[in-house]
Amino acid sequence: MNYSDGQELKIGDIVELKNSRGVVVCSIDDEQYSKDYSKIDWSYLNRGVLIEFEKYGVIHYENIEEDVLLIKRGKT
């Protein structure tokens, strides 16, 4: 999955949505899961990514929205 600017989305990325910072915690499409978000718990969603935001909690995206912006690459 890619951001609206074409860059590849990766787990650990720091993003922003409407003045709330978030972290990409898993990419179901790539079968990459952070330590707190296991494949066993989240693979039932079949596709997309999970992003954990400070204000909004965890949001599942099947397609990333234009207003989710990459701030910096993070550690997984």
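Note that the structure is predicted; figures quoted are calculated from it, not measured.

Overview of the overall build of the protein chain
Next, step 1: In terms of regular secondary structure, the protein chain is built from one helix and six strands.
Next, step 2: The N-to-C order of helical and strand elements in the protein chain reads β-β-β-α-β-β-β.
Next, step 3: Projected onto the principal axes, the alpha-carbon positions of the protein chain cover approximately 30 × 25 × 20 Å.
Next, step 4: Burial status across the protein chain gives 36% buried among its 76 residues.
Next, step 5: In the protein chain, 49% of the contacts between residues at least 6 apart in sequence involve partners at least 24 apart.
Next, step 6: Total accessible area on the protein chain stands at roughly 4,800 Å², and carbon and sulfur atoms take up 43% of it.
Next, step 7: Distance between charge centroids for the protein chain: 6 Å, based on 10 positive and 15 negative side chains.

What counts and how
Residues numbered from 1 in each chain as written. Predicted model: local features only at pLDDT ≥ 70, side-chain atom pairs only at ≥ 80, totals over all residues. Heavy atoms only, no water. Helix = DSSP H or I, 4+ residues; strand = E, 2+ residues; numbered from the N terminus. Buried < 20%, exposed > 50% of the residue type's maximum accessible area, 1.4 Å probe, protein only. Contact = heavy atoms within 4.5 Å. Areas by Shrake-Rupley, 256 points an atom, 1.4 Å probe, with all protein chains shown as cover. Lys, Arg positive; Asp, Glu negative; His and termini not counted. Charge placed at Lys NZ, Arg CZ, Asp CG, Glu CD.

Any functional reading would require information beyond the geometric quantities listed.
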